[in-house]
Amino acid sequence: MKDLLAIIIYILAGWGAMSMAALLLSPLVDRWVDSILEEHEALRQSEDKGQH
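What this report covers is the structure whose coordinates are included nearby.

About the thresholds
- Residues numbered from 1 in each chain as written.
- Predicted model: local features only at pLDDT ≥ 70, side-chain atom pairs only at ≥ 80, totals over all residues.
- Heavy atoms only, no water.
- Salt bridge = Lys/Arg side-chain N within 4 Å of Asp/Glu carboxyl O.
- Helix = DSSP H or I, 4+ residues; strand = E, 2+ residues; numbered from the N terminus.
- Buried < 20%, exposed > 50% of the residue type's maximum accessible area, 1.4 Å probe, protein only.
- Expected span 1.5 Å × (residues − 1).
- Bend = angle between axes of the 7 residues up to and from the residue.

Moving on: the pattern of salt bridges. The tally for this structure, following the rule as stated, stands at one salt bridge. Between Glu41 and Arg44 there is a salt bridge, with the nearest N and O atoms lying 3.3 Å from each other. Here Arg44 and Glu41 lie together in helix H1 (residues 2-51), a separation of three residues that amounts to about one turn. Residue classification places Glu41 among the partly exposed positions, given a relative accessible area of 32%. Note on Arg44: relative accessible area 42%, which makes it partly exposed.

Dropping the structure here:
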């Protein structure tokens, strides 16, 4: 019984740590994706200007 409780606590602690990490990382990932999309858009616009 004690082992089962330890496993449950371990899983809950791991899940909590994962969700905390996700909360902390999501703004960073959003910013990173936005910068990549902006670069891609700028490259596409410069290519369009080159064709005209």
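Back to the write-up after that little detour.
Taking 1.5 Å per residue, 50 residues should reach 74 Å; H1 reaches 71 Å between its end C-alpha atoms and fits that length. The axis of H1 is deflected most strongly, by about 35 degrees, at Leu25, and proline Pro27 appears within four residues downstream.

Geometric descriptors of this kind do not, in isolation, establish any biological role.
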